[in-house]
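Spelled out from the first residue to the last, the chains are:
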Amino acid sequence: MSSPENLDSPDLQAAPRAKLWKSRLKRLVQVIVVGLVVWGIWHNIDKAIDQVQQQNFSFQKLRWPWIFAAGGLYLLGSLPMSLFWIRLMRAMQQKPTTWSAIRAFFIGHLGKYVPGKALVVVLRTSLVQGKELKRSVVATAVFAETLTMVSVGAVYAAVLISIWFSDRLLLLWLAIGIAVAASGVTLPPVFRKIVLMLKVSKINPEMEQNLAGLSFPVMAWGWAANLVGWTLLGSSLYAVMASIPDADPHLASFAQMFPLLAATVCLAMVAGFVTPIPGGMGVREFVIMEMMAPVFGPVVAVVSAVLLRVAWLFAELALAIILYGIPASAATAENASAEIPPAEEDPAQNPA
């Protein structure tokens, strides 16, 4: 049995203090992250409202049920992409719980409104829970999922523009350029080599073994999932257009409008993503206005671009708040039995 002298030793007294400071530092980081996200969201909303006001457009004219439908379709379109991220992690020998991964994916969306967009990776890797999760592998899966999303969106846009809108040469070549660059990087042998060249194996010696699961069938599954997702996002823009009374004279049936809407959404999001601007602010609106103005006129084009951003942003924010309030408790039993290896094998399973 320990003597009183041992219990009063400096090492034993320092341990609780170190734990307390670690807890305080973690809380401070969480506060800073929330502050950055709130600032990024407010900045985007403020600019969006200002753009609408410059067009002398009144929000009272809008058919609000269609705006809510646009937000719902956006979240529904993001779901297949979240499932692909889960499939990537499992292919790379990780065992995330489905609920915690979906929760981390949608809360992580808010990170793109902060300069640099790196906060997306931070939020996802810190919120996902499960067995045998290594942060380096989880983060690698984030990059693989995101690059696939960009690749599929750019190819989708390039095909639609080349068939129906070949006169938009600038946008066509933009889509082709992004499609070629992103698609090449997401080829499994190429992606594996790039990750290993970045010396990630120094952090995680098992990275090469983890990357072996990144195969062509897995990526093909991701392409199919993203095609479904992008199609739903194109449908979201149709809901936005249906919410604007001034768009009625030019708004044809969904089937007739879909090539324009899908090409617009795909290229706008992809172009916005490849820039360092938070949320692609300005870039997305430019692409949407360039694509939509010839059909609907400049005022409706600007309003549709802003409404699409606002509908998506509030949908993301509302869902993130709901999910943040629901603990990722489905992984509790697994976390209790999971062994935490030393060094890099620091599991990415910190509850929000």
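These notes cover the structure that comes with them. (Residues numbered from 1 in each chain as written. Predicted model: local features only at pLDDT ≥ 70, side-chain atom pairs only at ≥ 80, totals over all residues. Heavy atoms only, no water.)

Attention now goes to the overall build of the protein. Of regular secondary structure, the protein possesses 14 helices and two strands. Restricting to contacts in the protein with at least 6 residues of sequence separation, those with at least 24 account for 78%. Total accessible area computed for the protein in this model is approximately 16,700 Å², and 69% of it derives from carbon and sulfur atoms. (Helix = DSSP H or I, 4+ residues; strand = E, 2+ residues; numbered from the N terminus. Contact = heavy atoms within 4.5 Å. Areas by Shrake-Rupley, 256 points an atom, 1.4 Å probe, with all protein chains shown as cover.)

For the rest of this paragraph, the subject is unusual backbone geometry. Negative phi is the rule for most residues except glycine; trans is the rule for most peptide bonds. Of note, the phi angle at Gln93 is positive, near 70°, even though the residue is not glycine. Position of Gln93 among the secondary structure elements: in the loop between helix 3 (64-91) and strand 1 (95-96).

All right, on to helix 8 (residues 188-197) then. Among all positions in helix 8, only Pro188, Phe191 and Val195 are buried. One face of helix 8 carries all of its buried residues, which in axial projection span an arc of 65°. Turned more than 90 degrees away from the buried face of helix 8 sit Lys193 and Met197, all of them exposed. Summarising the contacts, the buried residues of helix 8 are in contact with helix 6 (135-164), helix 7 (169-186), helix 9 (207-211) and helix 10 (216-242). Among the residues trailing helix 8, Lys199 stands out with phi positive, at a value near 65°. (Buried < 20%, exposed > 50% of the residue type's maximum accessible area, 1.4 Å probe, protein only. Arc of directions from axis to C-beta.)

This brings us to the environment of Trp64. In this fold, Trp64 is placed in helix 3. A C-alpha to C-alpha distance of 9.3 Å links Trp64 and Ile244, two positions 180 residues apart in sequence.

Attention shifts here to a nonpolar patch on the surface. Together, Leu187, Val190, Ile194, Leu198 and Phe216 make up an exposed nonpolar region whose accessible area comes to about 450 Å². Residue position: Ile194 is located in helix 8. Taking the relative accessible area as the measure of exposure, Ile194 reaches 33% and is therefore partly exposed. (Patch = residues over 30% accessible without salt bridge, like charges linked within 9 Å, V, L, I, M, F, W, Y side chains within 5 Å. Salt bridge = Lys/Arg side-chain N within 4 Å of Asp/Glu carboxyl O.)

Everything listed here is a matter of geometry and, on its own, says nothing about what the molecule does.
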